[in-house]
Structures are given as C-alpha cells and as structure tokens.
Amino acid sequence: MKRIATEPRQEWRQKVEEAGLIFHTTPEGVYWNEAAHYSFSMGEVLMLEQVTNDLHAMCLQAAQHVIDKNLFAQLGIPPNAAELIKETWEEEPPAIYGRFDLAYDGIHPPKMLEYNADTPTSLLEAAVVQWFWLQELDPGSLAQFNSIHERLVAKWKELKSYIKGSTLYFGHAGTHEDIMTIAYIANTAMEAGIHTQEIAMKDIGWERQRHHFVDLSGRQIGSIFKLYPWEWLVHEEFAPQLSESRKKTQWIEPAWKMLLSNKGILPILWQLFPNHPNLLPCYFGDPHGMKDYVRKPLLSREGANVEIYSSGTIVESQGGDYGEEGYVCQARAVLPNFNGNYPVIGSWVIDGEAAGMGIREADTLITGNLSRFVPHRID
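Residues numbered from 1 in each chain as written. Predicted model: local features only at pLDDT ≥ 70, side-chain atom pairs only at ≥ 80, totals over all residues. Heavy atoms only, no water.

Student: What is the right way to look at the sheet that holds strand β11 (residues 223–227) in this model?
Tutor: By way of backbone hydrogen bonds, the strands of a sheet pair with one another, either parallel or antiparallel. A sheet is described by the order of its strands in space; here 4 strands give the open sequence β8-β7-β11-β12, paired in parallel fashion. In this open sheet, the two edge strands, each paired with only one partner strand, are β8 (196–200) and β12 (250–252). Mean inter-strand twist for the sheet, computed between neighbouring axes without regard to direction, equals 25°. Across 5 bridges, strand β7 (residues 168–172) lies against β11 in parallel orientation. Considered in β11, the bridge of H172 is made with L227. Running at roughly 165° to β7, helix α6 (residues 176–191) makes contact with β7, β8 and β11 of the sheet. (Pairing = 2+ DSSP bridges. Helix = DSSP H or I, 4+ residues; strand = E, 2+ residues; numbered from the N terminus. Axes fitted to C-alpha atoms, helices over the stretch in contact; angles between N-to-C directions. Contact = heavy atoms within 4.5 Å.)

Now the structure itself:
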C-alpha cells in the first residue's frame, strides 16, 4: 500500500460533475482529491476482499446472536424497532449494500472500525468516479478493486420480479450528498429495467383508509429504497405504521440492518470472536482498563461525538448531536500516516459479497463528512 502523488487531470471538476459528482469541493478545500492515489498489490486486494467477506459473515452471526439473546436494549434499540427487526430478519427481504470502514497500513492485518450497513455514502465516488479517473489515466485498465456498479445492476435485475408495484421509489433526506447518491443508485435500478421515482422522505404520506404509504399524488408506495437511517424512521410520527404496512410496503434496506450499523455490534463481535485478527477489543460503556481507545456513540455518523484517548487522555474529539443513546469503547487502531494524511478504507459489500473499495483520508485521526476521497489502483 502506497500513496503516490498524481497530476490532476485537466478540467477535472467538469469531468467529475459529468460523472455525477457535484459534491467535489468544500469550503475547506477539495473533497475529490486526485492529486494523489493509493496503490495496492494484487495480493493486498485479494486479502482485503477475503477479510471483508469474513467480516460480513461474522456480522450476520452477531445479528443472530442479538436476536436470539434479546440484546436490543444494549444497542439502544426501542421495543417497537426490535419487533420490526425480528420480523424482517425472519422474512429475509431484499438487502443491497453496506460499507466496512477498515484501518489498514499494508503491513498489519486490517482492523474493522465499523460497518455502515444501512445508509452508506461515497458510493458514486467508489463505483463510478474513480473508475473514470483510472480509464483516463490508463485507458482500458482493469487495475482497480471495483465491480460495484456491475454488481448493483445485477442485484436489481435479480430483484425486479420481487418489487411490489410498478414503481420503485427512492427516498432521501434532501441533502446534496444524499440526492447525489440516491440518483446514482436509482440509475443502477433503471439500468436493470426498473421504473423508478425519487421522493423526499418528508413527502411520504399515510393513507388511513387503505393503511398504506403514499406519494404526493396519493399513489401507493409498494417498494422504496431509502437513504434515511432506520434509527430515525422508528422515531418518526408514522413509526407505528411501519409494522402495520409491512405486507404492503417493502423497505430497502430492511430493518434488521439497524443491528449492523449500530456501534453496539462491535462489542458483540468481540464477545463472539475474541482476539480475531481483524477485530479490535471493544466494550459497552467504559474502556475496561484500556488506555488507548476510541469512544463512539452507538448511532453516530461521520465521526460525530467521537473521542480518541491516548494513555487515558483525550487527544482528539469531534462535536455533534449523538451520545444520549450510549457509547462503546473500542481499542485504538493505528492508522497509516502518509505525510499527515490518514486514510481509512471503505470496503463495499454488494449482495453479501465484497465488491470494491474507496478511500477517505483526513488531516486528523477522525474521518469526518468533509474528509477527502482519493482514488486507488492495483499495481
């Protein structure tokens, strides 16, 4: 694993916008950074692929353990959501994607930091934008760990006959990043021959007489892919209707994904697979004697309210609105330091299998929502 300085393409902003990436520059600088790229050997990529598949299988076992032992309260999951999780776990509705965040330096085994299995973003960057970058850099090259787009289209083709209704809705919260991501995922469904329609989550209504969700025109929503966290959904005004309409409205990702995106799955994994080479020691509540650790809220996103401790003292932290739901303390992973750039690998899972990766790097040890995306290639 190496970080290599690279000359940005001429008119790169226009080129990434044409690929759909409108969120390429922030007030703090570039978000899409092609002034460098990360280089991996094929052996490293094959190893990351296997680790991702192994971790996904372990997470499914951990989810089953939570359900079997009724550990929902430990994860801060309310009773109404617990019932929804159990129902969808047994029914096995469609599940599309997820992203592991891994610490890896090219020397030591990768370590799982967390698993965003419900609403992961940076998908367009990983699936499309870095691929176009590689094709201009090295036309015709396949030297990238990236079959994300093809696997997404294949999964939608597989699910086409399972979609309820004539339209698959794509719900979003309205932010630029969410709209960009949802537009891309909807495009992969359209490529699979599915009729799609985007909808803001706030515009979803409830038809009292017929007991189902509707769009602004009163049309029934039979199937909806939502880029909107389940932990928000189960606290909405219409939360009771989520279970009531379960047979009429199919939600993708399914409710059981709440278990894997919750940081509480990390101590569960450590309990089930102690000393596993790809896991970090992790505990609910307090650090259990660890001096170098990271304190994470169960439900935080983009590094919000994360605190890093060294020798028992906070050395870095980030603000936010999370924490009331509880915390976990995870042993601190050593991130590689490339001249002040700290990368985290996002390893993508499509339809239950490793499908590619994207890399986010920051000037700090905490990866936040403005941390840079840097492309990669296999050498």
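Student: Hey, could you run me through helix α4 (residues 123–137) in this one?
Tutor: Each turn of an α-helix holds 3.6 residues, which means side chains three or four residues apart point in the same direction. A rise of 1.5 Å per residue sets the reference length of α4, with its 15 residues, at 21 Å; its end C-alpha atoms lie 21 Å apart and thus fit the reference within 8%. Of all bends in α4, the biggest is about 30°, found at V129. (Expected span 1.5 Å × (residues − 1). Bend = angle between axes of the 7 residues up to and from the residue.)

Student: What am I meant to see in the layout of surface pockets here?
Tutor: A water-sized probe, rolled over the atoms, reveals where empty space remains. Put simply, the second largest pocket is a space of about 400 Å³. For the second largest pocket, the lining is made up of 22 residues, of which E92, P93, P94, A95 and W256 are closest to its centre. When contributions to the lining of the second largest pocket are tallied by element, the ones reaching two or more residues are α2 (42–69), β5 (97–103) and α5 (148–159). Considered class by class, the residues forming the lining of the second largest pocket number 12 nonpolar, 5 polar and 5 charged. (1 Å grid on protein atoms, 1.4 Å probe; cavity = no way out; pocket = protein on both sides within 12 Å on 5 of 7 lines; lining within 4 Å. Points joined across faces, edges and corners; volume = space filled by probe spheres on them. Nonpolar A, V, L, I, M, F, W, Y, C, P; charged D, E, K, R; others polar.)

Student: What exactly am I supposed to notice about the packing of aromatic side chains here?
Tutor: One pair of aromatic rings is described through two measures. These are the centre distance and the angle between the planes. One pass over the full model with this rule turns up 16 aromatic pairs. Note on F23 and Y31: the rings are 5.0 Å apart at their centroids and 45° apart in plane angle, and the pair reads as tilted. Here F213 and W251 contribute two aromatic rings whose centre-to-centre distance is 5.7 Å and whose plane-to-plane angle is 85°, an arrangement assigned as edge-to-face. Residue F213 is found in strand β10 (residues 212–214), and its partner W251 is found in strand β12; the two are separated by 38 residues along the sequence. Considered together, F213 and W251 belong to a single accessibility category, that of buried residues. (Phe/Tyr/Trp six-rings, centres within 6.5 Å; stacked < 30°, edge-to-face > 60°. Buried < 20%, exposed > 50% of the residue type's maximum accessible area, 1.4 Å probe, protein only.)

Student: I tried to follow the side chain of H376 on my own but got confused; where do I start?
Tutor: Looking at the secondary structure, you find H376 in strand β21 (residues 376–378). Looking at H376, its side chain comes within polar contact range of the main-chain nitrogen of F145, at 3.1 Å. Ignoring any residue separated from it by four or fewer positions in sequence, one finds H376 in contact with Y38, F40, Q130, W133, Q144, F145, M357 and I359. (Polar contact = N/O pair within 3.5 Å; in protein donor to acceptor, adjacent residues only side chain to side chain.)

Student: I tried to follow the side chain of S223 on my own but got confused; where do I start?
Tutor: Note on placement: S223 falls in strand β11. Of the polar contacts made by the side chain of S223, one reaches the side chain of Q250; its length is 2.9 Å. Contact partners of S223, with chain neighbours within four places excluded, come to I163, K164, T167, L168, Y169 and Q250.

Student: What exactly am I supposed to notice about the packing of α4 against α6 here?
Tutor: Two quantities define a packed helix pair, namely the angle between the axes and the distance from one axis to the other. One way to put it is that α4 packs onto α6 with a least axis distance of 9 Å and a crossing angle of 55°. Accordingly, the angle class assigned to the pair α4 and α6 is oblique. Considering only the axes of α4 and α6, their crossing is left-handed. Within the contact between the two elements, α4 uses L123, L124, E125, A127 and V128 and α6 uses M180, T181, Y184 and I185. Partitioned by chemical class, the residues of the contact of α4 with α6 number 7 nonpolar, 1 polar and 1 charged. (Parallel < 35°, antiparallel > 145°, perpendicular 65-115°, else oblique. Left-handed = near helix turned anticlockwise from the far one by under 90°.)

Student: In this structure, what is going on with the pattern of salt bridges? I would like to understand it.
Tutor: Once their charged atoms are close, side chains differing in charge can pair, the charge on each being opposite to the other. Evaluation of the coordinates by the stated rule reveals 25 salt bridges. Note that E91 and R246 form a salt bridge whose closest N and O atoms lie 1.9 Å from each other. With E91 in helix α3 (residues 79–91) and R246 in the loop between α8 (239–244) and β12, the pair connects residues that are 155 residues apart, well separated along the chain. A residue is classified by how much of its surface remains accessible, and E91, at 39% relative accessible area, is partly exposed. Residue R377 is joined to D138 by a salt bridge in which the shortest nitrogen-to-oxygen separation is 3.1 Å. Of this pair, R377 sits in strand β21 while D138 sits in the loop between α4 and α5, and the two are 239 residues apart along the sequence. R377 gets classed as buried once you look at its relative accessible area, which sits at 13%. Here the residues in one salt-bridge network are R3, E361, D363 and R372, joined through shared partners. (Salt bridge = Lys/Arg side-chain N within 4 Å of Asp/Glu carboxyl O.)

Student: How should I be thinking about the nonpolar core in this particular structure?
Tutor: One broad trend across soluble globular proteins is that nonpolar side chains are buried collectively. Counting 71 residues, the largest nonpolar core has F40, M112, W230, L242, W251, L259 and L269 as its most contacted members. For this core, the leading source of residues is α2, giving 10 residues. Beyond its immediate stretch of four places on either side in the chain, W251 contacts M201, I204, F213, I224, K226, W230, L233 and L242. Y31, A127, I182 and A189 belong to the second-largest nonpolar core, a separate cluster that totals 40 residues. (Core = buried A, V, L, I, M, F, W, Y, C linked by side-chain atoms within 4.5 Å.)

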